[in-house]
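Structural features, examined
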Amino acid sequence: MIEADVAVVGAGIAGVSVAAELSGHRSVVVLEQEAEPAYHTTGRSAAMFLESYGGPDVRALTAAGRAFLDAVGTLLTPRPLLWVAGADGLDRLAALAREQPALVPLSPDEAVALCPALRSSWCAGALLEPRALEIDVLGLHQHYLGAARRDGVRVLLGARVLAGRHTGGRWVLDTAAGPVAAAAVVNAAGAWADPVAAALGAPPVGLRPLRRTAAVARADGVDRTWPLVSDVAETFYFRPEGAGVLLSPADETPSEPCDARPDELDVALAIERVNAATTLGLRSVVTAWAGLRTFAPDRNPVAGPDPAAPGLWWLAGQGGYGIQTAPELARLVAASVAGGDVPAAVSVARFRRA
Ligand SMILES: Cc1cc2nc3c(=O)[nH]c(=O)nc-3n(C[C@H](O)[C@H](O)[C@H](O)COP(=O)(O)OP(=O)(O)OC[C@H]3O[C@@H](n4cnc5c(N)ncnc54)[C@H](O)[C@@H]3O)c2cc1C
């Protein structure tokens, strides 16, 4: 029997970040079902840190983590975010400008000057987040994993959590790598967080995994200093990547928790939409992938102790913001294991009221 103060289920960015935050004060074991960590959503993101993306609670979590990322230092590359609108997106652009006055309004000509591939006939308006960043996601994951391991955290791969019971004031988990006992369990299982809760006898919160597709396409004349260009109506985004561009149709297709695969039609849709808004003339795809962005019904993360299950903490439902919110969510959840509070807007308690 492996014993620890805390067992963390999942070795994506959520699991390793909370393990690192806990490791100075508690003995921690991380249980990962796959043979490698970061195999699922964490390894499949668009790698952006966008303070103007998501609802107000998500934006606050993102902004609160910026100092941590700045302090690590080597993980960030400036990549401004250009929100763009076609003629039918101007109302949304105006609403975004009202909601977030820190965004810089740009004329269509100024937007095209920042990304000359944008068609001036398509772009009707734009807003700029000048301090947005690209994150080295696997570097951040390694940063947390290294810190955790240096503090004695054990990471068990191929250790799928199959079942668990709370008995005698502690959890006993049946895993594919043998039994594990811990006073506290942190459910950081990404798209599987609800099934993991069910395996522990806890009620679900109603998480929905939504598939999102991304691809890298060859493109001539891409300047690596171009911003991330994102349609304010969220029908596409693209940014420089390697010898071309990374692009997405910003799809949200409901899915079971699984090893998500891209659908050719979604890749074609991304190319069609980016080609309509730009002169890039994309045709040839270098690689494509998909990942599951998992959302709670109100699209806020799900964090903190579960009032319906003693000794069970959640760190799930990060949707499309799990990399950029990881530093602050990990800090909050680790502090809550030590008895602190998590903000009501992200607490799992909001799903447990009668
Ligand atoms: C195309 C795309 C673009 C994105 N772009 C961004 C972006 O620019 N910025 C941003 O911040 N976010 C972005 N995201 C979202 C971000 O990637 C996720 O929010 C984040 O990776 C979630 O991390 P996680 O650790 O919760 O999940 P995961 O990385 O999926 O980790 C969960 C882990 O739990 C393990 N697990 C599940 N069940 C069990 C079990 N029973 N036993 C043991 N282990 C188990 C899984 O194997 C998995 O490794 C994007 C996502 C996608 C798909």
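Everything numeric here is computed off the predicted structure, so don't read it as measured data. (Residues numbered from 1 in each chain as written. Predicted model: local features only at pLDDT ≥ 70, side-chain atom pairs only at ≥ 80, totals over all residues. Heavy atoms only, no water.)

With that settled, consider the sheet that holds strand 4 (residues 76-78). What the 3 strands build is an open sheet, ordered 3-8-4; its pairing is antiparallel. The open sheet has two edge strands, strand 3 (48-49) and strand 4, and neither has a second partner. Relative to strand 8 (residues 133-135), strand 3 runs antiparallel, the two sharing 2 bridges. Bridge pairing in strand 8 links F49 to L133. (Pairing = 2+ DSSP bridges. Helix = DSSP H or I, 4+ residues; strand = E, 2+ residues; numbered from the N terminus.)

A few words on the site of the ligand. Neighbouring the ligand are 36 residues, the closest being E32, T42, M48, V161 and Q324. In this structure, an oxygen atom belonging to the ligand sits 2.8 Å away from a main-chain N or O atom of M48. G319 places a main-chain nitrogen or oxygen 2.9 Å from an oxygen atom of the ligand. Broken down by secondary-structure element, the contributors of at least two residues to the shell around the ligand are helix 1 (13-23) and strand 18 (285-295). A breakdown of the residues in the shell around the ligand according to their chemical character gives 16 nonpolar, 14 polar and 6 charged. Counting the residues that make up the shell around the ligand, at least three belong to each of domain 1 (2-44 + 137-206 + 297-351) and domain 2 (81-130 + 208-294). (Near = heavy atom within 4 Å. Polar contact = N/O pair within 3.5 Å; in protein donor to acceptor, adjacent residues only side chain to side chain. Nonpolar A, V, L, I, M, F, W, Y, C, P; charged D, E, K, R; others polar. Domains from an automatic or database assignment.)

Let us now look at the UniProt feature "domain: FAD dependent oxidoreductase" (unreviewed entry) in the chain. Within this structure's numbering, the places UniProt gives as "domain: FAD dependent oxidoreductase" (unreviewed entry) are residues 5-335. Between the end C-alpha atoms of residues 5-335 the distance is 14 Å, and the span holds 27% helix and 31% strand. (UniProt positions renumbered as here; feature names shortened; annotations may be inferred.)

Right, let's talk about the pattern of salt bridges for a bit. Tallying each qualifying case throughout the model produces 16 salt bridges. Residue R239 pairs with E134 through a salt bridge whose shortest N-O separation is 3.6 Å. Of this pair, R239 sits in strand 15 (residues 237-241) while E134 sits in strand 8, and the two are 105 residues apart along the sequence. For R239, a relative accessible area of 3% puts it in the buried group. R261 is paired through a salt bridge with D259; the nearest N and O atoms lie 2.9 Å apart. By relative accessible area, R261 is classed as exposed at 54%. Accessibility expressed as a relative area gives 26% for D259, which makes it partly exposed. (Salt bridge = Lys/Arg side-chain N within 4 Å of Asp/Glu carboxyl O. Buried < 20%, exposed > 50% of the residue type's maximum accessible area, 1.4 Å probe, protein only.)

A few words on the packing of aromatic side chains. Think of a pair of aromatic rings as described by two things: how far the centres are apart, and how the planes are tilted against each other in angle. Tallying each qualifying case throughout the model produces 6 aromatic pairs. Measuring from ring centre to ring centre gives 6.2 Å for Y53 and W83, while their planes differ by 50°; the resulting arrangement is tilted. With a gap of 30 residues between them, Y53 in the loop between strand 3 and helix 2 (56-64) and W83 in strand 5 (residues 81-85) connect regions that are remote in the sequence. When its relative accessible area of 4% is taken as the criterion, W83 is described as buried. (Phe/Tyr/Trp six-rings, centres within 6.5 Å; stacked < 30°, edge-to-face > 60°.)

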